[in-house]
Amino acid sequence: MSISRDLFEKDLYKVLGVPKDATEAEIKKAYRKLAREFHPDANKGDAKAEERFKEISEANDVLSDPKRRKEYDEGRALFGNGGFRAGPAGAGGFGFDLGDLFGGGPGGAPPQGGGFGGGLGDVFGGLFNRGGATTRTQPRRGQDIETEVTLKFTEAVDGATVPLKMTSQAPCKACSGTGDKNGTPRVCPTCVGTGQVSRGGSGSFSLTDPCTDCKGRGLIAQDPCEVCNGSGRARSARTMQVRIPAGVTDAQRIRLRGKGAPGERGGPAGDLYVTVHVDAHPVFGRKADNLTVTVPVTFVEAALGGEIKVPTLGGPPVTLKLPPGTPNGRTLRARGKGAVRKDGTRGDLLVSIEVAVPAATEGKALDALEAYREATADTDPRAELFQAAKGV
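Bear in mind that the values here come from a model prediction, so they are computed numbers and not experimental data. (Residues numbered from 1 in each chain as written. Predicted model: local features only at pLDDT ≥ 70, side-chain atom pairs only at ≥ 80, totals over all residues. Heavy atoms only, no water.)

1. With respect to the pattern of salt bridges
We apply this condition: Salt bridges are defined by distance alone: a side-chain nitrogen of Lys or Arg within 4 Å of a carboxyl oxygen of Asp or Glu. What counts as a helix is a DSSP run of H or I of at least four residues, what counts as a strand is a run of E of at least two, and both are numbered from the N terminus. Burial status follows relative accessibility: with a 1.4 Å probe on protein chains alone, a residue under 20% of its type maximum counts as buried, one over 50% as exposed, and anything between as partly exposed.
Evaluated as defined, the whole model comprises eleven salt bridges. Arg 141 is the salt-bridge partner of Asp 271, the closest N and O atoms lying 3.2 Å from each other. Here the residue Asp 271 occupies a position in the loop between strand S8 (253–256) and strand S9 (272–278), and Arg 141 occupies one in the loop between helix H6 (119–123) and strand S1 (145–151), the gap between them amounting to 130 residues. By relative accessible area, which is 5% here, Asp 271 ends up buried. Among the salt bridges present, the one from Asp 348 reaches Arg 333, with a minimum N-O distance of 2.9 Å. Pair noted here: Asp 348 is in the loop between strand S14 (331–334) and strand S15 (349–355) and Arg 333 is in strand S14, with a separation of 15 residues, a long-range link.

2. Considerations on the packing of aromatic side chains
The description of an aromatic ring pair rests on the distance of the ring centres and on the angle between the ring planes. Stated precisely, the cut-off is as follows: Note on ring pairs: Phe, Tyr and Trp rings are taken, using the six-membered ring of Trp, and paired if centres are within 6.5 Å. Classes follow the plane angle, with under 30 degrees stacked, over 60 edge-to-face and the rest tilted.
All told, the structure shown has two aromatic pairs when counted by the stated rule. Their ring planes at 50° and their centres at 6.2 Å tell us that Tyr 13 and Tyr 72 sit as a pair that is tilted. Taken together, the positions of Tyr 13 in helix H1 (residues 12–16) and Tyr 72 in helix H4 (residues 66–80) put the pair 59 residues apart, joining distant regions of the chain. Looking at Tyr 13, the relative accessible area reads 4%, which means it is buried. Judged by its relative accessible area of 0%, Tyr 72 falls in the buried class. Look at Phe 299 and Tyr 372: their rings are 5.9 Å apart centre to centre, the planes differ by 70°, and that puts the pair in the edge-to-face class. Taken together, the residues Phe 299 in helix H8 (residues 299–304) and Tyr 372 in helix H9 (residues 363–375) connect sequence positions 73 residues apart.

3. Things to note about a nonpolar patch on the surface
Quick note on the threshold: The residues that make up patches have over 30% relative accessible area and no salt bridge, and they are joined within 9 Å when like-charged or within 5 Å when they are Val, Leu, Ile, Met, Phe, Trp or Tyr. Note on areas: Shrake-Rupley, 1.4 Å probe, and residue coverage restricted to the protein chains presented here.
On the surface, a nonpolar cluster with roughly 430 Å² of combined accessible area is contributed by Phe 299, Val 300, Leu 304 and Tyr 372. Examining the composition of the nonpolar patch, we find that three residues originate from one element, H8, more than from any other. Residue Phe 299 is classed as partly exposed on the basis of its relative accessible area, which comes to 42%.

4. A closer look at the environment of Ser 198
Here Ser 198 is to be found in strand S4 (residues 196–202). Placed twelve residues apart in sequence, Ser 198 and Pro 210 show a C-alpha to C-alpha distance of 8.9 Å.

5. Focus on the pairing of S1
Worth spelling out the cut-off: Two strands make a pair as long as DSSP finds a minimum of two bridges between them.
Residues Ile 145, Thr 147, Val 149 and Leu 151 line the buried face of S1, whereas the alternating positions Glu 146, Glu 148 and Thr 150 sit on a face that is not buried. Inspection of the sheet shows S1 paired to S9 by seven bridges, in the parallel sense. Following the sheet pairing, Thr 150 is matched in S9 by His 277.

6. What about unusual backbone geometry?
Within the chain, Ala 251 stands out as a residue other than glycine whose phi angle is a positive 75°. Examined against the element boundaries, Ala 251 turns out to sit in the loop between strand S7 (233–244) and S8. Judged by its relative accessible area of 32%, Ala 251 is partly exposed. Even without a glycine there, the phi angle at Ala 288 is positive, about 55°. With a relative accessible area of 60%, Ala 288 lands in the exposed category.

7. A word on the packing of helix H2 (residues 24–38) against helix H3 (residues 47–63)
The test is simple: Axes here mean lines fitted to C-alpha atoms, for a helix over just the part in contact, with angles spanning 0 to 180 degrees between N-to-C directions. When describing relative orientation, an angle under 35 degrees is termed roughly parallel and one over 145 degrees roughly antiparallel, while 65 to 115 degrees is termed roughly perpendicular and anything else oblique. Should the near helix be turned counterclockwise from the far one by less than a right angle, the crossing is left-handed, whereas a clockwise turn marks it as right-handed. By definition in these notes, contact holds between two residues if any of their heavy atoms fall within 4.5 Å. Just so you know the grouping, Ala, Val, Leu, Ile, Met, Phe, Trp, Tyr, Cys and Pro go in nonpolar, Asp, Glu, Lys and Arg go in charged, and all remaining residues, Gly too, go in polar.
In the contact formed by H2 and H3, the axes pass within 9 Å of each other and the chain directions differ by 160°. In this view, H2 runs roughly antiparallel relative to H3, as classed from their interaxial angle. Note on packing geometry: the crossing formed by H2 with H3 is left-handed. Along its contact with H2, which presents Ile 27, Tyr 31, Leu 34, Ala 35 and Phe 38, the element H3 presents Ala 49, Arg 52, Phe 53, Ile 56, Ser 57, Asn 60 and Leu 63. Partitioned by chemical class, the residues of the contact of H2 with H3 number nine nonpolar, two polar and one charged.

8. Regarding the sheet that holds S15
Judged by pairing direction, the sheet is mixed, and its four strands sit side by side in the order S10-S11-S15-S14 without closing on themselves. Sheet topology places strand S10 (285–287) and S14 at the edges, where each strand pairs with a single neighbour. Taken pair by pair, the neighbouring strands of this sheet meet at an average axis angle of 35°, ignoring direction. In terms of strand pairing, S14 meets S15 through four bridges, oriented antiparallel. Within S15, the residue paired with Leu 332 across the bridge is Val 351.

9. Quick word on the confidence of the model for the protein chain
This is how it is decided: Here pLDDT means the predictor's own confidence in every residue, given as a number from 0 to 100.
Chain-level pLDDT for the protein chain is 79 on average; 80% of the residues reach the 70-or-more range. Ignoring residues within four places in sequence, the model shows residues 82–136, a span with pLDDT below 50, making 79 contacts including any to other chains.

This is the structure we're talking about:
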């Protein structure tokens, strides 16, 4: 994948906060630290954090790839740090012909003395174009697609394969992607079929942009296709079975590489971004990798202790030991009964105790409570509260 022109104007090392001679390990460490800090999931609704995350990801994509990093370093040395200056030596210029630099000596002759030859032209991947030379149309990456899916609570915890119906741009079937009704488009006279036009030239050096007449395709329809209006691209609907990994959370955004819109001229497909929504469960809740549940117990169980059975999500109940004198709201933990983590292990089930107070009592139960009240008449659980209120 070639590096876009605007990247040469950015200091990607500064974006990641690493020196230019940073090792791959240092780059990886810096990226992970910044990605955690500025990830959209940790900064919901923060547009600046989202933009910063994109810059960090962009820098990492280039600097973590040895080949692309080399291209970036060489390109930035020539283009990104102030650009080129053409002119005679001693007059603020380099004192050589830039045409020599990009694959030829004066007048387009082969380079002399074993110089750069055509190597630098390869480095820029068609970004630069010598005057009068044609550039082969580059493959075009497909568009990214965004969609949403709603999962049941259990599906989010355990993972699920769901069908997603997506609409995106794809080669027009009516004209086989040519844009011409008869399949015989003509070469664009503006860019001569390259899909690119030069601008801002200085001597033998110029920058290239996509041709606006053919939209970078290099071809113009003689008889435009009525389906795609000559663009060669049309709306395409498809249904894809997508695997949602276990442990996803509500509002989480998942990236599926290569599952977006198809590319053009052999270019790679774009990516698919899926925003997940999770339905609430009538019994269980979620805290990170842990599940939560509230379990009622009787006053006797809370006071005297004992063993209680607790339901789990999709599995058999577990038995937990309730200590004597358990207060209302205390949390017990059933290990390994929570949501699935990224490493395949499970979090815990957090059990909140809720002491159930009967609406009415009668008979022996009422007699027993009356006897208990008499036995504990000298105990005031609110005594310390009033003392604290008075500042005693």
